[in-house]
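Results of the structural survey
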Number of protein chains: 2
Amino acid sequence: MAASLADAVKDVAFVQENGPEKVEDKIAIFAELDRLAPPDALLASSTSAIVASRFTENLPGRARCLIGHPVNPPHLIPLVELCGAPWTAPETITRAREIYRSIGQVPITVHREINGFILNRLQGALLAEAFRLVGEGFVSAEDLDHTVKDGLGLRWSFLGPFETIELNAPGGIPDYCERYTGFYKELAASAAGPDVYKSPNVDNVIGAWPHQASAERIASLTQRRNERLAALAAHKAQQVATES
Amino acid sequence: MAASLADAVKDVAFVQENGPEKVEDKIAIFAELDRLAPPDALLASSTSAIVASRFTENLPGRARCLIGHPVNPPHLIPLVELCGAPWTAPETITRAREIYRSIGQVPITVHREINGFILNRLQGALLAEAFRLVGEGFVSAEDLDHTVKDGLGLRWSFLGPFETIELNAPGGIPDYCERYTGFYKELAASAAGPDVYKSPNVDNVIGAWPHQASAERIASLTQRRNERLAALAAHKAQQVATES
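Small disclaimer: the values here were computed from a predicted structure and weren't measured.

A few words on the overall build of chain A. Each helix and strand in chain A was counted, giving 10 helices and 5 strands. With respect to the three principal axes, the spread of C-alpha positions in chain A is 55 × 45 × 35 Å. Going through the 244 residues of chain A one by one, you find that 55% of them count as buried. For chain A, restricting intrachain contacts to residue pairs at least 6 apart in sequence, the fraction spanning at least 24 positions comes to 62%. Accessible surface, chain A as shown: approximately 10400 Å² in total, 54% of it carbon and sulfur. Treating the 23 positive side-chain charges of chain A as one cloud and the 30 negative ones as another, the clouds have centres 1 Å apart.

What follows concerns the packing of aromatic side chains. Under the definition given, this model contains 19 aromatic pairs over all chains. Between Tyr 176 of chain B and Tyr 180 of chain B the ring centres are 4.9 Å apart and the planes differ by 55°, which places this aromatic pair in the tilted class. One end of the pair, Tyr 176 of chain B, and the other, Tyr 180 of chain B, are both in helix 8 (residues 172-189), 4 residues apart, so they sit about a helical turn from each other. Given a relative accessible area of 4%, Tyr 176 of chain B falls into the buried group. Taking relative accessible area as the criterion, Tyr 180 of chain B reaches 31% and is therefore assigned partly exposed. For Arg 112 of chain A, the ring lying beneath its charged end belongs to Phe 138 of chain B, and the centroid distance is 4.1 Å.

Our next topic: the domain arrangement of chain A. Domain assignment breaks chain A into domain 1 (5-110), domain 2 (119-210) and domain 3 (211-244). Put simply, the middle of domain 1 of chain A and the middle of domain 3 of chain A, counted by C-alpha atoms, are 27 Å apart.

Bringing the environment of Leu 119 of chain A into the picture now. Tracing the backbone through its elements, the reader meets Leu 119 of chain A in helix 5 (residues 119-135). Through-space distance from the C-alpha of Leu 119 of chain A to that of Val 71 of chain A is 8.8 Å; in sequence the pair is 48 residues apart. Other than its neighbours up to four places away in sequence, Leu 119 of chain A contacts Val 71, Leu 79 and Glu 81 of chain A together with Thr 147, Gly 151 and Leu 152 of chain B.

This brings us to the pairing of strand 1 (residues 14-17) of chain A. All names here are of chain A. Here strand 1 shows a buried face lined by Val 15 and Glu 17 and an unburied face lined by Phe 14 and Gln 16. Here strand 1 pairs with strand 2 (residues 42-45) via 4 bridges, running parallel. The residue bridging Phe 14 from the neighbouring strand is Leu 42, located in strand 2. In this region the chain leaves strand 1, passes through helix 2 (residues 23-36) and returns to the parallel neighbour strand 2; the handedness of that crossover is right-handed.

What follows concerns the side chain of Arg 121 of chain A. Secondary-structure assignment places Arg 121 of chain A in helix 5. Residue Arg 121 of chain A is classed as buried on the basis of its relative accessible area of 3%. There is a polar contact of 2.8 Å between the side chain of Arg 121 of chain A and the side chain of Glu 129 of chain B. In this structure, Arg 121 of chain A is in contact with Ile 114, Asn 115 and Gly 116 of chain A together with Glu 129, Arg 132, Leu 133, Leu 187, Ser 190 and Ala 191 of chain B, ignoring residues within four places of it in sequence.

Right, let's get into empty space enclosed by the protein. In total, this model carries 1 cavity of 30 Å³ or more according to the counting rule given. Of the pockets and cavities examined, the largest cavity occupies roughly 30 Å³. As for the largest cavity, its lining consists of Arg 228 and Leu 232 of chain A together with Ser 157, Phe 158, His 235 and Lys 236 of chain B.

Our next topic: the interface of chain A and chain B. In this assembly, 111 residues from chain A lie in contact with 111 residues from chain B. Contact between chain A and chain B buries roughly 10500 Å² in total, counting both sides, with carbon and sulfur atoms accounting for 68%. The largest contributions to the chain A side of the interface with chain B come from Phe 138, Phe 162 and Arg 228 of chain A, which together make up 8% of the buried area. At the junction of chain A and chain B, the tally comes to 10 salt bridges. A salt bridge links Lys 149 of chain A to Glu 163 of chain B, with the shortest nitrogen-to-oxygen separation between them at 3.0 Å. In this assembly, chain A and chain B are joined by 36 residue pairs in polar contact (both at pLDDT 80 or more). Secondary structure elements with two or more residues in the side of chain A that touches chain B: strand 5 (106-110), helix 5, helix 6 (141-156), helix 7 (161-166), helix 8 (172-189), helix 9 (201-208) and helix 10 (215-243) of chain A. Of the residues assigned to the side of chain A that touches chain B, the class counts are 60 nonpolar, 28 polar and 23 charged.

This part covers the nonpolar core. Within the largest apolar cluster, 134 residues are counted, with the highest numbers of intra-cluster contacts made by Phe 131 and Phe 162 of chain A together with Phe 131 and Phe 162 of chain B. For Phe 131 of chain A, the contacting residues outside a window of four places in its chain are Val 196, Tyr 197, Asn 201, Val 202 and Val 205 of chain A together with Phe 162, Ile 165 and Cys 177 of chain B. Ranked by size, the runner-up nonpolar core spans 9 residues in total, among them Ala 44, Leu 82, Ile 93 and Ala 96 of chain B.

Take the relation of the copies chain A and chain B next. Take chain A, turn it by 180°, move it 0.0 Å along the axis, and it overlays chain B with an RMSD of 0.0 Å. What the superposition gives is, in effect, a two-fold axis relating one chain to the other. The fraction of interface residues of chain A whose copies in chain B are also interface residues reaches 100%, indicating that both copies meet through the same surface.

The rules behind these values
- Residues numbered from 1 in each chain as written.
- Chains lettered and ligands numbered in written order.
- Predicted model: local features only at pLDDT ≥ 70, side-chain atom pairs only at ≥ 80, totals over all residues.
- Heavy atoms only, no water.
- Helix = DSSP H or I, 4+ residues; strand = E, 2+ residues; numbered from the N terminus.
- Buried < 20%, exposed > 50% of the residue type's maximum accessible area, 1.4 Å probe, protein only.
- Contact = heavy atoms within 4.5 Å.
- Areas by Shrake-Rupley, 256 points an atom, 1.4 Å probe, with all protein chains shown as cover.
- Lys, Arg positive; Asp, Glu negative; His and termini not counted.
- Charge placed at Lys NZ, Arg CZ, Asp CG, Glu CD.
- Phe/Tyr/Trp six-rings, centres within 6.5 Å; stacked < 30°, edge-to-face > 60°.
- Lys NZ or Arg CZ within 6 Å of the ring centre and 35° of its normal.
- Domains from an automatic or database assignment.
- Pairing = 2+ DSSP bridges.
- Right-handed = clockwise from strand over helix to strand, strands pointing away.
- Polar contact = N/O pair within 3.5 Å; in protein donor to acceptor, adjacent residues only side chain to side chain.
- 1 Å grid on protein atoms, 1.4 Å probe; cavity = no way out; pocket = protein on both sides within 12 Å on 5 of 7 lines; lining within 4 Å.
- Points joined across faces, edges and corners; volume = space filled by probe spheres on them.
- Buried area = accessible area lost by both parts, 1.4 Å probe.
- Salt bridge = Lys/Arg side-chain N within 4 Å of Asp/Glu carboxyl O.
- Nonpolar A, V, L, I, M, F, W, Y, C, P; charged D, E, K, R; others polar.
- Core = buried A, V, L, I, M, F, W, Y, C linked by side-chain atoms within 4.5 Å.
- Least-squares fit on C-alpha atoms with pLDDT ≥ 70 in both.

The following block contains the structure:
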């Protein structure tokens, strides 16, 4: 705990900013960070929804600024998305990747700015379809959850979507595209749009959830989620050790 | 192994059909099954892409026909999607759920016919966005895979998307919708469409995959995937045992 921002960033090599998700706040905080931090320190923001070009453009040290978007809870989910502004130096990304990797995180690089980066865009695509399917009564919210946790999500906990589809056709990804893109084109043509998050659909989704939110429920489920994530991390580490 | 279809379905209570994915074949096979199987046997098709109303309408026993769509590999991924035609009897679905559950599968019910059912619609939504993000150069295919297997997919291996978002806002799902649907609406408004599966995007995706497909590579990775799925199933069973 430091008494001031100047104290906090004195002699540091890396700053991870976690201020409010408002662009004016990011502008103010990064102006201070750029003024106070050692000139070779990297300045990373945890923001999930504000690209770096919106709050770093006018800084003398803008080349050392980037997004380093972690996933909640960051000590249990290793992924961190790195995304620079157009003026972020390539070495900034390279050094940030090394630093995150050295503390056990898994950094990925987003090559151009895009709203939602990668993780939330993938999550959002699945979530919109989930909101539609439950909101329109095709499936219960609980059965939709089963579809993921007892189906799709099993492979995805250790294989990415491209690794997954590579094994779903005898000739790998080119063969998969040949066989199945006709089907997926049809699905994409009827995919859920932004209206699933509006009334009445969003009210249907909220009404479909059979549990009442309470501070006790959320706290106890969050603790159990974190225990499960920690146990899964240990399980995965053991599997990888067996492999090599 | 039976010498004929008549032998195969003699005295059975449940048929799981795995014929070719062509509607004419399903029509021919189900006509035979309905003629030969005991009158109280359920007739389930494994099809992932053909709804039951397209091949059961004219059968005397159409009320006992349904889709029971498993996930590959079915002995390691327990989910089965059940979906009847409009004329499928509710008891058919109820009995099929019981039978699948009794052999350790996790059945879910799709209440109305929809192309792709639930699992492939969710997979397709994420896959389309993945094809776009890689095809347009926002991220490498390997980093996209990391985003899932070291990020999103960890929670999804034991929590569904609704259970996940319930814990991401202090007041649960209603609070989550209040806080974040504005953001997700923006993402949905710019979501990937069917063109991501066409040239040139699909060629970019195929070109972005750094591995050459070969029978040996696919066979060895498939074996490893199945070992990992089996180990994950054991891990999950242990976690659930600890809970209770």
